[in-house]
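Structure at a glance
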Amino acid sequence: MRVLAKDIPSAAREGKDEIEASGWVHRIRELGGVVFVILRDRSGMVQLVLEEKGGLTLESVITVKGVPAFNEKAPGGVELKVKEIRILSRAADLPYQVNADIGKIGLDVILDNRVLSLRNPKIRSIFKVQATIVEAFAEYLRRADFTEIKTSKLSSGSTEGGTNLFKVEYFDRTLCLAQSPQLYKEAMVASGLERVFEIAPVYRAEKHDTPRHLNEYVSLDLEMGFIESEKDLIELEKGLLAYIFDEVARKNGPDLAAWDAAVPPAGAVGAAPTVAYEEALKIANEEQAGAKGNGNPARIFDINPEAERLLSEWSLREYGVELLFVNEFPRRYRPFYTYPVEAAEGGGKPAALTMSFDAIFRGLEITSGSRRQHDYSAFAQALPKFGLKEENMAGYAAVLKYGCPPHGGFAIGLERLTQKILALGSVKEASLFPRDRRRVEP
Ligand code: AMO
């Protein structure tokens, strides 16, 4: 029976005389006629003691039978004295030093050799944290009576506006890859499900190569009916993020430790402030002006990456958490489907504001959301202002035309949330097989 590396100390304590272990050869060291091998499996590592190296190579997959024994010089204090070894798959010469400290390996080497770099437990731990995020997102929403949906990623047009669409040949037509499930999640609210979520890849043909952009990422989407404003959604997101952080803390202690990372403590998320867009700009400019040694900084005119960083610092200092929500974005920054503030508040606010928000966590936008326009005639009237024509928006019109409740939702970028929890330098590190402008392999 196979024993995992993490369970070998207890096998030694129980005095087992022979056990079997399997995994990859992480390290080989020959010393005074003895061969020490570090065996790695999904649970951890254990030292093996062999009489000879034979044909063993780094990263080969082996199965051994041996006797567990205490040895205070062995990593973890236990080793396996091998009596029998079988090479299940012999690894060829490696293209780079797979067992090296990842701090010494460049991101391109890590991504070019992805199938091998994932052998590194620290790199793999990113995806254990990511799995917990996905699980917690779904679990929290299921408990709140949301239904999980899966929608098509082939679409006939843009959902988010803009030109960042990937074209796809589809028989004798051209379609595009979905930028978001926006239309479909709204359709499913109107279908009567009322509360839905989707976890799926989306595609953005953005040409820039930055530490925050992927051309394919996983969107954690939700949409719900019968809301008043984006503030209902912000409250929902606070509960959701607090749950995700707690679950990551509970399940991924060693993974967080590997990255020297921590999630915001329980309770901190509830304290995250919400500031209106104009106020957020003011705060960002004040923070910038107040920063020591900053000379005469350029004025910040929109919530750009620098503003996101400054706002997070402000939020940490003033509210004890590096998370904040910015709402009431001016119309020009938001897609056509976003609900205007004045429609709900009888003209008390400037007409150009929307019931929209972003969440900024540790200096990066991780979420966008809004209440949506659910009134068909208002939608039809507004379309020309966005350069859109109703005949090209038949799907959207059909969602609103036949009885659609006031509704709204948001989407969290999975890789960005993972990146910020672990303080990774680039969002690409949080994608198993990232797609960027140059990279389409592996
Ligand atoms: P938006 O386009 O702002 O909104 O995207 C939502 C969230 O997705 C993430 N994100 C990205 N992550 C990595 N690479 C990218 N290129 C990228 N672009 C976006 C961010 C962002 O906050 N339909 C709306 C959501 C809604 O209103 O429900 C939408 O897609 O974390």
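Residues numbered from 1 in each chain as written. Predicted model: local features only at pLDDT ≥ 70, side-chain atom pairs only at ≥ 80, totals over all residues. Heavy atoms only, no water.

1. What about the domain arrangement of the chain?
We apply this condition: Note that the domain bounds reflect an automated or database-derived domain assignment. In what follows, residue pairs with any heavy atoms lying within 4.5 Å of each other are defined as contacts. Two parts placed together each lose some accessible area; with a 1.4 Å probe, that loss summed over both constitutes the buried area. One speaks of a salt bridge when a side-chain nitrogen belonging to Lys or Arg is within 4 Å of a carboxyl oxygen belonging to Asp or Glu. N or O atoms within 3.5 Å of each other form a polar contact, as long as, within protein, one can give a hydrogen and the other can take it, and as long as residues adjacent in sequence are counted only when both atoms are side-chain atoms. Put simply, Ala, Val, Leu, Ile, Met, Phe, Trp, Tyr, Cys and Pro go in the nonpolar bin, Asp, Glu, Lys and Arg in the charged bin, and everything else, Gly too, in the polar bin.
For the chain, the domain assignment lists domain 1 (5-89) and domain 2 (115-430). When each unit is reduced to the centre of its C-alpha atoms, the spacing between domain 1 and domain 2 is 47 Å. With 6 residues of domain 1 at the contact, the number on the domain 2 side is 4 residues. Across the interface of domain 1 and domain 2, roughly 360 Å² is buried in total on both sides, 46% from carbon and sulfur atoms. Ranking the residues of domain 1 by area buried against domain 2 places Arg40, Arg42 and Glu59 at the top, with a combined share of 68%. Where domain 1 packs against domain 2, one counts 1 salt bridge. Measuring nitrogen to oxygen at the nearest pair gives 2.9 Å for the salt bridge that ties Arg119 to Glu59. Inspection of the region where domain 1 meets domain 2 yields 2 residue pairs in polar contact (both at pLDDT 80 or more). Residues belonging to the side of domain 1 that touches domain 2 are distributed by class as follows: 2 nonpolar, no polar and 4 charged.

2. With respect to the site of the ligand
Inclusion rule: We define proximity as follows: a residue is near a molecule or strand when any one of its heavy atoms falls within 4 Å of that partner. To measure how exposed things are, a 1.4 Å probe is used in the Shrake-Rupley method; for residues, cover is taken only from the protein chains shown. Only runs of H or I of at least four residues qualify as helices and only runs of E of at least two qualify as strands under DSSP, and these elements are numbered from the N terminus.
Around the ligand, the structure places 22 residues, and the nearest of them are Glu160, Gln182, Lys185, Glu365 and Arg372. Contact distances for the ligand include 2.9 Å between a nitrogen atom and a backbone N or O atom of Leu214. Measuring from an oxygen atom of the ligand, one finds a side-chain N or O atom of Ser368 at 2.9 Å. When isolated, the ligand has an accessible area of 620 Å², and the protein chains bury 93% of it. At 5 residues, strand 15 (residues 364-371) tops the list of elements feeding residues into the shell around the ligand. Of the residues in the shell around the ligand, the class split is 6 nonpolar, 8 polar and 8 charged.

3. A few points about the nonpolar core
Rule in force here: What is meant by a nonpolar core is a set of buried Ala, Val, Leu, Ile, Met, Phe, Trp, Tyr and Cys residues, joined one to another through side-chain atoms within 4.5 Å. The rule is simple: take the accessible area with a 1.4 Å probe, protein chains only, and divide by the maximum for that residue type; under 20% is buried, over 50% is exposed, in between is partly exposed.
Among the nonpolar cores identified, the biggest contains 56 residues, and Ile133, Phe137, Leu222, Leu417, Ile421 and Leu422 are the most heavily contacted of them. Excluding anything up to four places from it in sequence, Ile133 contacts Leu220, Ile244, Val248, Leu414, Leu417, Thr418 and Ile421.

4. Here's the deal with the pairing of strand 13 (residues 323-327)
Our working rule: Here, a strand pair is defined by DSSP locating no fewer than two bridges between the strands.
With respect to burial, strand 13 is a largely interior element, 5 of its 5 residues being buried. Neither face of strand 13 is exposed, since Leu323, Phe325 and Asn327 on one face and Leu324 and Val326 on the opposite face are all buried. Note that strand 12 (residues 274-276) and strand 13 share 3 bridges and pair parallel. If you follow Val275 over to strand 13, its bridge partner there is Val326.

5. Some details on the packing of helix 4 (residues 121-143) against helix 13 (residues 414-422)
Angle between the axes and distance between the axes are the two parameters that describe a pair of packed helices. Note the threshold: Geometry is summarised by axes, namely lines fitted to C-alpha atoms with helices restricted to the contacting stretch, and by angles between N-to-C directions that run from 0 to 180 degrees. To sort the angles, those under 35 degrees are grouped as roughly parallel, those over 145 as roughly antiparallel, those from 65 to 115 as roughly perpendicular, and the leftovers as oblique. For any pair of crossing helices, the crossing counts as left-handed if the nearer helix is rotated counterclockwise from the farther one by less than a right angle, and right-handed if it is rotated clockwise.
Taken N-terminus to C-terminus, the directions of helix 4 and helix 13 make an angle of 120°; their axes are 10 Å apart at the nearest point. Between helix 4 and helix 13, the angle falls in the class oblique. Here helix 4 and helix 13 pass one another in a crossing that is right-handed. When helix 4 is examined against helix 13, the residues Ile126, Val129, Gln130, Ile133 and Val134 are found in contact with a partner set consisting of Leu414, Glu415, Leu417, Thr418, Ile421 and Leu422. Of the residues contributing to the contact of helix 4 with helix 13, the split by class is 8 nonpolar, 2 polar and 1 charged.

6. Describing the pattern of salt bridges
Pairing between side chains of opposite charge can happen when the charged atoms of each approach one another. Taken as a whole and judged by the stated rule, the model has 31 salt bridges. The partner of Glu79 in a salt bridge is Lys81, and the shortest N-O contact between them spans 3.0 Å. Its salt-bridge partner being Arg317, residue Glu287 comes within 2.8 Å of it at the nearest N-O pair. With Glu287 in helix 8 (residues 277-290) and Arg317 in helix 9 (residues 305-319), this residue pair connects regions lying 30 residues apart in the sequence. The class for Glu287 is buried, based on a relative accessible area of 13%. The exposure class assigned to Arg317 is exposed, which follows from its relative accessible area of 53%. A cluster of three or more residues bridged by salt bridges with shared partners is formed by Asp108, Asp112, Asp209, Lys428, Asp436, Arg438 and Arg439.

7. Structural notes on the sheet that holds strand 8 (residues 167-170)
Read across the sheet, 3 strands follow the order 7-9-8 without closing on themselves; strand pairing throughout is antiparallel. Edge positions in the sheet fall to strand 7 (154-155) and strand 8, since each of these pairs with one other strand and no more.

8. With respect to helix 9
Put simply, the rule is: A helix is expected to span 1.5 Å for every residue after the first.
The terminal C-alpha atoms of helix 9, which comprises 15 residues, lie 20 Å apart, in line with the 21 Å expected from a rise of 1.5 Å per residue. Of the positions making up helix 9, those classed as buried are Ala307, Glu308, Leu310, Leu311, Ser312, Trp314 and Ser315. Next to the buried residues of helix 9 lie strand 12, helix 8, strand 13, strand 14 (356-361) and strand 15. Looking at the residues trailing helix 9, positive phi occurs at Gly320, about 75°.

9. Overview of the sheet that holds strand 10 (residues 195-203)
Each strand in a sheet pairs with another by means of backbone hydrogen bonds, the pair being arranged parallel or else antiparallel. Taken in spatial order, the 8 strands make up an open sheet running 6-10-11-16-15-14-13-12, and their pairing is mixed. Two strands in the sheet have a free side with no partner beyond their single neighbour: strand 6 (147-148) and strand 12. Relative to strand 16 (residues 407-413), strand 15 runs antiparallel, the two sharing 5 bridges. Counterpart to Ser368 in the pairing with strand 16 is Ala411. Against the sheet, helix 5 (residues 182-193) makes contact with strand 6, strand 10, strand 11 (216-225) and strand 16, and its axis sits at roughly 30° relative to strand 11, the strand it touches most. Most of the contacts of helix 6 (residues 230-251) go to strand 16, to which it runs at about 35°, and overall it touches strand 11, strand 12, strand 13, strand 14, strand 15 and strand 16.

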